[in-house]
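Each chain, letter by letter, is given below.
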Amino acid sequence: MKQPQKALLIVESPTKAQTIRRLLNDEKYEVIASNGHIRDLPEKEKGLSIQKSEEGYTFTPKYVLLPGKEKIVQQIQGELKKAKEVWLATDEDREGEAIAWHLCQTLNIDPHQSVRITFHEITRKALLHALKHPRPINQDLVNAQQARRILDRIVGYEISPLLWRVFSHERKQSALSAGRVQSVALRLIVERERAIANFHPTAKPAAEVLLQTHPPFKATLIQPELVSLSQALSLLEKLRGKSLRVAKLEKKLRRRGPLPPFITSTLQQEALRRLGFSLQRTMRAAQNLYEKGLITYMRTDSTHLAPEALEAIHAAIRGRYGEEAIQSRKWEEKKVRHAQEAHEAIRPTDPSVEEAGESPDEQRLYKLIWQRTLACQMQDALYEETQVILTSSSADIEPLQFEAKGRILTRPGFLQLYGHTEDQEEEADLPLLHIGQELSWKEVRIWEKFSSPPPRYTEGSLVRELEERGIGRPSTYAPILETLFKRDYIKREQVRMDRPSYQEIILYPSGKTEKNRHFPPPELQKNKLVPTALGMRVVDFLIAHFSDIMDYEFTARVEAELDQIAGSELDWQTMLSKFYTHFTAELTQAQKAKDGFQHRLIGYDPVSGKPVSFHTGRNGVFLALGEKGDPLYRTVSVPTSLAPEAITLEKALYLLSFPRTIGTYEESPITLHYGPYGYYIKHKEKNYALLTGMSPFSLSLEEAIQIIQAKKESSRQSQLIRSFPEAQIEILQGRFGPYIRYPGGICSLTKGINPLTLTAEECQKIITSQQARKRKKPTPSKSLKRKR
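Worth saying up front: this structure is predicted, and the values here are computed from it rather than measured.

Peer 1: Any details on the overall build of the chain? Residues and values, ideally.
Peer 2: If you tally the helices and strands in the chain, you get 20 helices and 30 strands. In terms of overall size, the chain is more extended than a compact globule, its C-alpha atoms giving a radius of gyration of 35 Å where 788 residues would be expected to give roughly 28 Å. Oriented by its inertia axes, the alpha-carbon framework of the chain measures out at about 115 × 85 × 80 Å. Considering the chain as a whole, with its 788 residues, one finds that 50% of them fall into the buried category. Pairs at least 24 residues apart make up 70% of the contacts formed inside the chain by residues separated by at least 6 positions. Accessible surface for the chain amounts to roughly 40900 Å². Of this, 49% is attributable to carbon and sulfur atoms. Positive and negative side-chain charges in the chain, numbering 115 and 98 respectively, have mean positions lying 9 Å apart.

Okay, here's the thing in C-alpha cells:
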C-alpha cells in the first residue's frame, strides 16, 4: 500500500525539531533540522563582488555551502522529493528569515510562495495556528540581514589586515580583528578605564548624630551645608549640653511595583546579577529552554503579554496566593531604538509549571523567568515610610537640621515571589516619636566623604549601555563579548580598588573629642571588564583613522538604517553604497598613515637638542630620547591611561624625567617611578603604590610621606588584634602566633589563650608571670676547660 505523502517542516535545530515532532504527534508531518545556516559568505575570503558605477557601488555576495552541510542538504532534498508541501519554520527574527531564504535558494523552493510559518512559542496551539497562516519569505527582512552581514564583512576584512601590519610586533597579531559593533563596545570599556585612571576624588565633610532612644537611631545633618572639617567641628561642638527637638514627623504609604517581564537584554543583566551567568551562558540556556517548548522566543525587545498568556499567569497566581494577590497590568512597549521582530516578552509557555529544564543552568534560568513573569502581574508592595526632621533646640546656636528615614513593609505583594533586590532593601524602623519631643544624643560623628570614580563595566552594565545608545542588538551582545575576550582585548577580573584614607572626629556630650585617621581596606570588585594594553592601543589606532566606525552615534544610525531596510523604507544597496564611499576614503588615509602611528617625531629636547620620539614596540608604546647607539639613549613606557594623540612634547619630556626625586624622609630619598603596574614611590628599598586621588604629575613631598605612613599604619592595623591605650598594651598577630607588646618588650601567648577575650588586667598578669620566670631561670654553667 502506498504511504500517504507528508508535509515537510524544516527548522534550524534538532532539539526544536524533536519538540515540534512530539507536540504535533501527527503522521501528516515530517520535521527535519538544518542545524542553523546552510549557506554563508566564505570564511577565508571577503566573498563580495563590488562593482562601481556612476550611481555608486553595487554589492553581490558570493554565498557558499558551509563545510559539513552537504549531507544535511542531501537529506533535506531526499525528504523534499517525498513531501506534498514544505513549511520553513525557522525563528521569527531576521536571522531566522535569512536561514529560510537560504534554504529556498539551495533547495529551489520559490520564496514568493506561502512557505514560511512563524511562532513565538513552541506549543501545539501556536504551531497549528502558524500552519493555518503561512506567508511568503519577507525579502525586506532578508535584505536587512544581508546588509548587516556585508557591512560586518567589509569592516572586518578591510581593517583587520591593517591591524596586523600596524601591530606586527605583537605575538598574536594574526588574531587581531576589528568589527563595526565590536570595536565600539571596546571603546566604551577603554574610555571607562581611562576615566577611572584619571579620576581625582574630592572630599566633602558629612555628619551624623546617634540619638539616645530605644532603639537608638542615627540622623544625618542636612542643613547647613558643610564645606570643611574645621567648619563642621566649630558648628557641631556647640551642640554639647544641648538636645535635639523633633520638628517634623511625617508618615506616608509608598507603593513599589514589580519590574516588567523579561526582554533579551534585561534577562541577560538579571541572570548575571542574580545567578552569576555570563551572557553566553544565559543565551545558551535560554535557547535550550525555547527549543524544548518551555519558554517563548528569547530574542525580543517587547514587554507585551498576549491575552491568553495573561489568563494563564493570573490562574497560576490565584492557585498559589489567592485572588487578592492579582493586579493585572499591561506593560507599555519598551522604547527600544532598534526593535526585534518578535512581539511578546520572554515568559514560560505554561505558567502553572514552576520548575522545568534538564541541566542546572536551564532549571535556574527557567525559575528566574517564571518568578519574573508571575511577579509582574501581582500586587504592589506597600511600605510605611517615616521621615523625621530634628532641629537644635537652643536659640544661641546656628540652626541645625538632621534627617532620619525609616521604612517598614506592610504588604509584601510581588516581593513574596520575586524577593528583595539591592534597590529594594528595607531601612530600619524608627522608635515611637512625637512632634516637640526632646532627644538626647550619645555622639556626633564628622568624617570626610570622598567622591567615587565611575564604575567599571560588567557584562550586564555594558549591555545596558549599548542598548541605551542604540548600538547593536541584544542578540549580538554575547558573541561580541566572546570575540573581545578571544582577541585578548579585554579580561574579566577581580579588581582591587584602593580607597583614600579619611579623617574622623567624634564628639561626646562629656566634652571628650576623638580624632582618628582611617585607612579603609581596598575594595574588591568582581567580574569587571578591564581592557588589556593591546585593546587600548587598537582603540587608539581605530579612533585616529576611522572616526566614523568608532563613533557611537554613527553606529546607532547604521542600526536605524537597517531597521528602515527591514521596514521597506530604504534600499539596502543604496545604504551600503553610501557607507562604502566614505569608508574607502578613511581606509586609504589609514593605510598611508599607519607608519606614523607606530613611529613619530614629537619634537626636540630644548636642553640637549636630542629628538624626542614615540614608538610602538613588542611590549607596548614608549618614548625615546635620542637615537639608538647614543650612550645616553633612554626610553620610558607610556601609561595606558594616556592616549597617544594626547602626548605633547611637554608631557613626553616629563615622562622621560622618571625616576625623579621627590624629597627626603627619615634621612633617605623618596623617588617616583613608573612600572608595569603604574606609578609608585620608592623609599628605603621599599615600593609604595600611590593612594587613590594622587597624581604623579603633581605629587608633593607631604603626599609621598603620607603614602609611606598610610602603608605602615595599614600594616599595623592588619596585625592589631586588641589595644589598651591607657595600659600601653597591644595584642598583635605575629608570624608565629599572637603576642603582647608592652613598653618593656614583648611576650608570647601560650596555646589555649583566646587573644580576643583578654582584658588589660589579664595581659598585665601574663607579662608579670613571664618576667618572673625569666628572673628565676638559672644561669648556664661554665663550660669545662678543655684538656690540655
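More follows now that the structure is in view.
Peer 1: Got a sec to walk through the pattern of salt bridges? Specific residues and values, please.
Peer 2: The final tally for this structure, using the stated rule, is 47 salt bridges. With a shortest N-O distance of 3.3 Å, Glu559 and Arg180 are connected by a salt bridge. Highlighted residues: Glu559 in helix α16 (residues 552-566) and Arg180 in the loop between α5 (139-166) and α6 (182-197), separated in sequence by 379 residues. Taking the relative accessible area as the measure of exposure, Glu559 reaches 0% and is therefore buried. Arg180 gets classed as buried once you look at its relative accessible area, which sits at 2%. One salt bridge in this structure joins Glu504 and Arg445, with 2.6 Å as the shortest N-O distance. Here Arg445 lies in strand β14 (residues 441-450) and Glu504 lies in strand β16 (residues 502-507), a separation of 59 residues in the sequence. Overlapping salt bridges, with partners in common, bring together Arg148, Asp152, Arg180 and Glu559 in one network.

Peer 1: Lay out the packing of helix α3 (residues 94-107) against α5 in plain terms, naming residues and giving numbers.
Peer 2: How two helices sit against one another is set out by the angle between their axes and by the gap between those axes. Relative orientation of the contacting elements α3 and α5 amounts to 100°, with a least axis distance of 8 Å. For the element pair α3 / α5, the angle class is roughly perpendicular. Taken together, the residues of α5 that come into contact with α3 (itself represented by Arg94, Glu95, Glu97, Ala98 and Trp101) are Gln139, Leu141, Val142, Ala144, Gln145, Gln146 and Arg148. Considering only residue class, the contact of α3 with α5 consists of 5 nonpolar, 3 polar and 4 charged.

Peer 1: Can you break down the sheet that holds strand β21 (residues 620-625) residue by residue, with the values?
Peer 2: Taken together, 4 strands build an open sheet; the order of strands is β19-β20-β21-β22 and the sheet is antiparallel. Two strands in the sheet have a free side with no partner beyond their single neighbour: β19 (599-604) and β22 (634-637). Neighbour to neighbour, the strand axes of the sheet diverge by 25° on average, direction disregarded. Sheet topology places β21 next to β22; 4 bridges connect them, and they run antiparallel. In the sheet register, Ala624 faces β22, and the bridge partner there is Thr635. The strands touched by helix α18 (residues 649-656) are β19, β20 (611-617), β21 and β22; relative to β21, the strand with the most contacts, the crossing angle is about 90°.

Peer 1: An account of the packing of aromatic side chains is requested, with residue identities and associated values reported.
Peer 2: All told, the structure shown has 7 aromatic pairs when counted by the stated rule. Arranged with centres 6.2 Å apart and planes meeting at 75°, the rings of Tyr63 and Trp101 form a pair that is edge-to-face. Separated by 38 residues along the polypeptide, Tyr63 in the loop between β5 (56-61) and β6 (64-65) and Trp101 in helix α3 bring together distant segments of the chain. Each member of the aromatic cluster is reached from another via a ring pair, and the members are Phe546, Phe554, Phe579 and Phe583. Above the ring of Tyr552, the side-chain terminus of Arg187 is found at 4.8 Å from the ring centroid. Over the face of the ring belonging to Tyr383 we find Arg407, whose NZ or CZ atom lies 4.1 Å from the ring centre.

Peer 1: Tell me about the side chain of Glu97, and name the residues and values.
Peer 2: Take Glu97: it is sitting in helix α3. Residue classification places Glu97 among the buried positions, given a relative accessible area of 0%. In this structure the side chain of Glu97 is engaged in a polar contact, spanning 2.8 Å, whose partner is the backbone nitrogen of Asn138.

Peer 1: Tell me about the environment of Leu151, residues and numbers included.
Peer 2: Checked against the element boundaries, Leu151 lands in helix α5. Residue classification places Leu151 among the buried positions, given a relative accessible area of 0%. C-alpha separation for the pair Leu151 and Met575, spaced 424 residues apart in sequence, amounts to 10.0 Å. Excluding residues within four positions of it along the chain, Leu151 makes contact with Arg180, Val558, Met575, Leu576 and Phe579.

Peer 1: An account of the nonpolar core is needed here, citing residue identities and associated values.
Peer 2: Among the nonpolar cores identified, the biggest contains 140 residues, and Phe119, Leu163, Leu365 and Phe546 are the most heavily contacted of them. If we skip the residues at most four places from it in the chain, Leu163 touches Leu176, Ser177, Ala178, Tyr489, Val538, Phe541 and Leu542. If you look at the next biggest cluster of nonpolar residues, it comprises 30 residues, including Ile647, Ile662, Tyr665 and Ile681.

Peer 1: So what's going on with the environment of Val209? Residues and values would help.
Peer 2: Mapped onto the elements of the fold, Val209 is located in strand β8 (residues 203-211). Judged by its relative accessible area of 1%, Val209 falls in the buried class. Sequence-wise, Val209 and Val190 are 19 residues apart; in three dimensions their C-alpha atoms are separated by 42 Å. When sequence neighbours within four positions are dropped, the list of residues in contact with Val209 reads Phe217, Lys218, Ala219, Leu244, Phe402, Trp441, Glu443 and Val444.

Peer 1: Which residues make up the confidence of the model for the chain, and what values do they have?
Peer 2: When pLDDT is averaged along the chain, the result is 86, and 92% of the positions lie at 70 or above. For the chain, per-element mean pLDDT is lowest for helix α19 (residues 701-719), which scores 76, and highest for helix α11 (residues 360-375), which scores 97. In the model, residues 335-342 has pLDDT below 50 throughout and makes 35 contacts with residues more than four positions away in sequence or in other chains. Residue range residues 781-788 is modelled with pLDDT below 50. Its contacts to residues more than four positions away, or to other chains, number 0 contacts.

Peer 1: Provide a residue-level description of the sheet that holds strand β24 (residues 668-675), including the pertinent values.
Peer 2: Strand pairing in a sheet takes place through backbone hydrogen bonds and is either antiparallel or parallel in direction. In spatial order, the strands read β23-β24-β25-β26; together these 4 strands make up an open sheet with antiparallel pairing. Two strands in the sheet have a free side with no partner beyond their single neighbour: β23 (660-665) and β26 (686-689). Strand-to-strand twist in this sheet, taken as the mean axis angle between neighbours without regard to direction, amounts to 30°. Direction of pairing for β24 relative to strand β25 (residues 678-683): antiparallel, over a ladder of 6 bridges. Bridge pairing links Thr671 to Lys682 in β25.

Peer 1: Give me the packing of helix α10 (residues 307-321) against α11: which residues, what numbers.
Peer 2: Where α10 contacts α11, the axes come no closer than 9 Å and their chain directions differ by 90°. As the angle between them shows, α10 and α11 are arranged roughly perpendicular. Touching Ile313, Ala316, Ile317 and Arg320 of α10 are Trp370, Thr373 and Leu374, all from α11. Per-class residue counts for the contact of α10 with α11 are 5 nonpolar, 1 polar and 1 charged.

Peer 1: Describe the pairing of β23, and please don't skip the residues or the numbers.
Peer 2: Along any regular strand, the residues point their side chains to alternate faces of the sheet. For β23 and β24, the ladder comprises 5 bridges, and the chain directions are antiparallel. The residue bridging Thr661 from the neighbouring strand is Thr671, located in β24. Two successive antiparallel strands, β23 and β24, enclose a turn made up of 2 residues, where Glu666 displays a positive phi of approximately 55°.

Peer 1: Break down the state of the cysteines for me, with residues and values.
Peer 2: Note on terminology: disulfide describes a covalent bond linking the sulfur atoms of two cysteines. Within this structure, the stated rule accounts for 0 disulfides. Here Cys747 stays free of any disulfide, with the sulfur of Cys763 as its closest cysteine sulfur at 7.9 Å. Taking relative accessible area as the criterion, Cys747 reaches 4% and is therefore assigned buried.

Peer 1: An account of α10 is needed here, citing residue identities and associated values.
Peer 2: For α10, with 15 residues, the first-to-last C-alpha span of 21 Å sits near the 21 Å given by 1.5 Å per residue. All buried positions along α10 are accounted for by Ala309, Leu310, Ile313, His314, Ala316 and Ile317. Across the axial projection of α10, the buried residues extend over an arc of 160°, all falling on one side. Every exposed residue of α10 that faces more than 90 degrees away from the buried side is listed here: Pro307, Glu311 and Gly319. Where α10 is buried, its residues meet α11. Immediately downstream of α10, the backbone of Gly322 shows phi near 95°, a positive value.

Analysis parameters
Residues numbered from 1 in each chain as written. Predicted model: local features only at pLDDT ≥ 70, side-chain atom pairs only at ≥ 80, totals over all residues. Heavy atoms only, no water. Helix = DSSP H or I, 4+ residues; strand = E, 2+ residues; numbered from the N terminus. Rg over C-alpha atoms; globule rule 2.2 N^0.38 Å. Buried < 20%, exposed > 50% of the residue type's maximum accessible area, 1.4 Å probe, protein only. Contact = heavy atoms within 4.5 Å. Areas by Shrake-Rupley, 256 points an atom, 1.4 Å probe, with all protein chains shown as cover. Lys, Arg positive; Asp, Glu negative; His and termini not counted. Charge placed at Lys NZ, Arg CZ, Asp CG, Glu CD. Salt bridge = Lys/Arg side-chain N within 4 Å of Asp/Glu carboxyl O. Axes fitted to C-alpha atoms, helices over the stretch in contact; angles between N-to-C directions. Parallel < 35°, antiparallel > 145°, perpendicular 65-115°, else oblique. Nonpolar A, V, L, I, M, F, W, Y, C, P; charged D, E, K, R; others polar. Pairing = 2+ DSSP bridges. Phe/Tyr/Trp six-rings, centres within 6.5 Å; stacked < 30°, edge-to-face > 60°. Lys NZ or Arg CZ within 6 Å of the ring centre and 35° of its normal. Polar contact = N/O pair within 3.5 Å; in protein donor to acceptor, adjacent residues only side chain to side chain. Core = buried A, V, L, I, M, F, W, Y, C linked by side-chain atoms within 4.5 Å. pLDDT = per-residue confidence, 0-100. Disulfide = S-S within 2.5 Å. Expected span 1.5 Å × (residues − 1). Arc of directions from axis to C-beta.

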